[in-house]
Amino acid sequence: MAPSTLKVDRHTKRKLNNGQEIPIAGYGVYTLTPKETVDLVYEALKQGYRHIDTAVLYGNERESAQGVAKFLKDNQGKVKREDIWFTTKIWNSDHGYNETKTAVDKIASKVKEHIGYVDLILVHSPKSNKEKRLGTWKALQELQQDPKNGSLEIRSIGVSNFGVKHLEELFAWDGFKVKPVVNQLELHPWLPHHKIRDFLVKHDIAAEAYSPLTQGENLDDPELLQLAEKHKINKVEILLKWSFLQGFIVLAKTAKVERIKQNLEVLPESGSVSLDEDIVKALDKPDSHQVFTWFGSDPTVYVN
Ligand SMILES: NC(=O)C1=CN([C@@H]2O[C@H](COP(=O)(O)OP(=O)(O)OC[C@H]3O[C@@H](n4cnc5c(N)ncnc54)[C@H](OP(=O)(O)O)[C@@H]3O)[C@@H](O)[C@H]2O)C=CC1
Ligand SMILES: O=C1Nc2ccccc2C1=O
């Protein structure tokens, strides 16, 4: 079970296996329209987020980068590009060596003029086949290790929705050179993914939690509501604190300005995050396997 207190705050960064440091609180931009993305990313940064999570799939990479650039321009001398972490992801249909290089060129054409480089590119999911997955990793390894060879500087590379089998396949490949820095997974009390997490700990790969609020789907779970009522604490605060207490890098999304502030403020300005021990115990559901994203079909068990 996770501890009920952990020394993390709004400014905490986690050191990755390549030495790069990633802010533990991330703002996810899935489903934000391109039109609203610039302003919402700007607002998230204004409220104190220093980590933006987008993807080719989301169709708002350019606008996410524009939001970052606008914030940096308005805060010159106070916030530097290096203070902000920008993640994007290669979609499944772009798997394969050549396809991935072309996909990175496209990402470059959208974001480079605004933010110069990306901090992290993830393989969005394992959903292609072995040859294509490894081709994608070969391309990303090359681009990360030798930025002059490609159109975009990529500081770190990682995976998302990979199960143990997909990671073992990567480690066993004779071209394997760069270990993923993170595995981004759906993680919340109803989907704790302990087997994958144990593997990640063993290999020093950080766990990023997406859909920590169950994409909004389970916020009226009777047990969660009861805990919130009994302990006089907001249900969203419970779920986000639970996630930080597990040691995750936590990615939450909201399209509402007041909720951006609310979600970040579950972390203290300095000090530690805490949750009543009874709540942590009640939400410890090691055998639960409820998938809310990916149309209910867990991508970590994908076979091909
Ligand atoms: N790698 C992958 O395969 C995936 C990655 N992700 C990443 O993770 C991010 C977060 O996950 P996501 O799936 O968006 O879901 P979240 O778990 O973050 O939930 C988002 C939902 O919760 C609502 N919400 C947010 N804050 C509050 C609040 N304070 N009170 C009440 N409701 C709230 C939002 O509504 P509203 O907007 O109206 O506030 C929205 O409906 C994504 O944006 C994306 O970056 C997500 C899924 C898959
Ligand atoms: O944020 C996301 N939400 C999703 C839903 C289905 C498949 C991928 C994703 C994302 O990356």
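The name an unreviewed UniProt entry assigns to the chain is 2-dehydropantolactone reductase, from the organism Candidozyma duobushaemuli.

Here we take up the sheet that holds strand E7 (residues 117–123). Read around the closed barrel, eight strands run E4-E5-E6-E7-E8-E9-E10-E11, paired in parallel fashion. Direction aside, the axes of adjacent strands within the sheet are offset by 30° on average. Two elements, E7 and strand E8 (residues 153–160), share six bridges in a ladder whose sense is parallel. In the strand pairing of E8, Val123 is matched with Val159.

It is worth spelling out the UniProt feature "domain: NADP-dependent oxidoreductase" (unreviewed entry) in the chain at this point. UniProt annotation of "domain: NADP-dependent oxidoreductase" (unreviewed entry) refers to residues 32–267 when read in the numbering used here. Between the end C-alpha atoms of residues 32–267 the distance is 24 Å, and the span holds 47% helix and 16% strand.

This paragraph deals with helix H3 (residues 97–115). Note that an α-helix has 3.6 residues per turn; residues three or four places apart therefore point the same way. Helix length check: H3, at 19 residues, gives a terminal C-alpha distance of 25 Å against a target of 27 Å (1.5 Å per residue), a fit within 8%. Taken as a whole, H3 carries its principal kink of about 40° at Ser109. Residues of H3 that are buried include every one of Thr100, Ala103, Val104, Ile107, Ala108, Val111 and Ile115, and no others. Once H3 finishes, Gly116 follows within two positions and takes phi at roughly 80°, a positive value.

A few words on the layout of surface pockets. In this structure, the largest pocket occupies an estimated 880 Å³ of space. Forming the boundary of the largest pocket are 37 residues, of which Tyr30, Ser211, Gln215, Lys253 and Thr293 lie nearest the centre. Sorting the residues of the lining of the largest pocket by element identifies helix H8 (235–245), strand E11 (249–252) and helix H9 (257–264) as the ones contributing at least two each. The element contributing the most residues to the lining of the largest pocket is H9, with three residues.

A few words on the site of ligand 2. Lining the immediate surroundings of ligand 2 are Tyr30, Leu57, Tyr58, His124, Gln215 and Trp294. Here Tyr58 contributes a side-chain N or O atom positioned 2.6 Å from an oxygen atom of ligand 2. In the complex, the protein chains occlude 87% of the 280 Å² of accessible area that ligand 2 would expose alone. The site holding ligand 2 turns out to be the largest pocket.

Taken together, 29 residues are adjacent to ligand 1, and Asp53, Gln215, Thr254, Lys256 and Arg259 come closest. The contact in question runs from an oxygen atom of ligand 1 to an N or O atom on the side chain of Asp53, over 2.6 Å. A distance of 2.8 Å is found between an oxygen atom of ligand 1 and a backbone nitrogen or oxygen belonging to Ala255. Of all the cavities here, the one that holds ligand 1 is the largest pocket. Elements supplying a minimum of two residues to the shell around ligand 1: E11 and H9. Among the elements that make up the shell around ligand 1, the one with the highest residue count is H9 (three residues).

Reading the values: rules and limits
Residues numbered from 1 in each chain as written. Chains lettered and ligands numbered in written order. Predicted model: local features only at pLDDT ≥ 70, side-chain atom pairs only at ≥ 80, totals over all residues. Heavy atoms only, no water. Pairing = 2+ DSSP bridges. Helix = DSSP H or I, 4+ residues; strand = E, 2+ residues; numbered from the N terminus. Axes fitted to C-alpha atoms, helices over the stretch in contact; angles between N-to-C directions. UniProt positions renumbered as here; feature names shortened; annotations may be inferred. Expected span 1.5 Å × (residues − 1). Bend = angle between axes of the 7 residues up to and from the residue. Buried < 20%, exposed > 50% of the residue type's maximum accessible area, 1.4 Å probe, protein only. 1 Å grid on protein atoms, 1.4 Å probe; cavity = no way out; pocket = protein on both sides within 12 Å on 5 of 7 lines; lining within 4 Å. Points joined across faces, edges and corners; volume = space filled by probe spheres on them. Near = heavy atom within 4 Å. Polar contact = N/O pair within 3.5 Å; in protein donor to acceptor, adjacent residues only side chain to side chain. Areas by Shrake-Rupley, 256 points an atom, 1.4 Å probe, with all protein chains shown as cover. Sits in = over half its atoms within 2 Å of the grid points.

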